[in-house]
Every structure is written in structure tokens, then in C-alpha cells.
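The chain contents come next:
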Amino acid sequence: MSDCRAGAEAVDLLVRERAPADLDACVRVLADVHAGDGYPTNWPAEPAAWLTPSGLLGAWVAEADGDVGGHVALCGAGADDVAPGMWGARGGPAGSEGSAGSEGEGTAVVSRLFVGPGARGRGVGAVLLDRVAGAARERGRWPVLDVVATDAGAVALYERAGWEFLGVGEQRWSARQTVRVRCYAGPGARSGSV
């Protein structure tokens, strides 16, 4: 298990690997986020399964004051993911596995990131982003993500955290739904070190 503690900005915050026993608490926090912010856009029929997508490489929770207050997952690139393709098209950093024409090989997709209303304002989102980006790099992959283009709060978080904007694309969520997304690569993308 990998643990890390945040500094004074996020008092009593522990980020650790998600355990199966955490899923009920994660679903409760996700329901609060959905009610207040509309994330996820489409409430899943099986929220616990949605938090454990195919291609899952790892998932982490943030405990704020002893309660699950946030969540993030890391997944391998899926066929419909836009950000890995943008990363691959630009060549990724020098020496990385993601090279031009690789359609995002060598990437890992940050997914299912949310912070509950009661844990906000403590730097939880930034700490979760740091942890998941580190986990991607530990696996020799570059972290990428996409966000619904209209989600100004998430966009602001990623840009404050130094994530590099790759572009805007259309992502197919289902046979009937395509959404406009902003795509990002993890901090340090210009320096070229995994």
C-alpha cells in the first residue's frame, strides 16, 4: 500500500490505495458531488462498477479527518479516449514510450477524480492529482486526462496544478452521446522526463 500525507494546506489528509471496503463511501461521496456539481454527467446504473472501469491500473482515496473525501483512478488508454491520441500525435516527451504515431501508447488515463463538498478547500484535488501522476510515472507511463469542456472548476484545478493543455476533441461516451472535452498531459510534459 502506498500512503502519503499532505502538508499544512490539507490538515489531517491521508491519500492511500482504495480498498474494496471503500467503495460504499466512495459512492456516497460521488452521489453528493453529482447532486451539487453534476459529475458524472450521466449517473451510472452501477456506481461502484463505474468506479472500477475496465483497464483499471489503480485507484486511490483521500481521507479527510478520517472520512473518504475524494477519489481518483488510473486506467490504461481505451479505444475511445481522446487524450492519449492527442499525446501520441504530438510525440510525447523525448525518450518516453509515447511516440508519434503510437496513438497514446505509454500513457495512463487519470479518471474518476472527485472531491466531496465537505473536503473541498484543503488541496485534496491537487494531492490526488499528484499521487495519480506519480503512479503513472512509476509504471513508466505519462499521465493524461480529459474533462468536459464546460467544467470550469476542474479545468481551473488542472491548470493550477501545471497540467499541459493538449487541445479540444470530441469523445464518444455512447452510441448516442458525444461530448466536447479538453485534454491535458501531466506536469513536466515539456521537460520530457517520465
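Note: the structure precedes this text.
Residues numbered from 1 in each chain as written. Predicted model: local features only at pLDDT ≥ 70, side-chain atom pairs only at ≥ 80, totals over all residues. Heavy atoms only, no water.

(A) Summary view of unusual backbone geometry. A cis amide bond, omega -5 degrees, links Tyr39 with the succeeding residue Pro40. Relative to the assigned elements, Pro40 resides in the loop between helix 1 (23-37) and helix 2 (47-50). Residues other than glycine seldom take positive phi values, yet Asp65 does so here, at roughly 55 degrees. Locating Asp65 in the fold gives a position in the loop between strand 3 (56-64) and strand 4 (67-75). The backbone of Arg112 sits at a positive phi, close to 55 degrees, despite the residue not being glycine. (Helix = DSSP H or I, 4+ residues; strand = E, 2+ residues; numbered from the N terminus.)

(B) Representation of the environment of Gly58 in the model. In this fold, Gly58 is placed in strand 3. Counting along the chain gives 77 residues from Gly58 to Ala135, while the straight-line C-alpha distance between them is 8.2 Å. Every residue in contact with Gly58, bar those within four places of it in the chain, is listed here: Ala73 and Leu74. (Contact = heavy atoms within 4.5 Å.)

(C) Inspection of the layout of surface pockets at higher detail. Within this model, the largest pocket holds a volume of roughly 1,400 Å³. Lining the largest pocket are 49 residues, and of these Tyr39, Arg112, Leu113, Asp146 and Tyr158 lie nearest its centre. Put simply, the parts of the chain that give the lining of the largest pocket at least two residues each are helix 1, strand 5 (107-115), helix 4 (124-138), strand 6 (142-148), helix 5 (152-160), strand 7 (164-174) and strand 8 (177-185). Ranked by residue count, the leading element in the lining of the largest pocket is strand 5, at 7 residues. The residue inventory of the lining of the largest pocket, partitioned by class, reads 25 nonpolar, 14 polar and 10 charged. (1 Å grid on protein atoms, 1.4 Å probe; cavity = no way out; pocket = protein on both sides within 12 Å on 5 of 7 lines; lining within 4 Å. Points joined across faces, edges and corners; volume = space filled by probe spheres on them. Nonpolar A, V, L, I, M, F, W, Y, C, P; charged D, E, K, R; others polar.)

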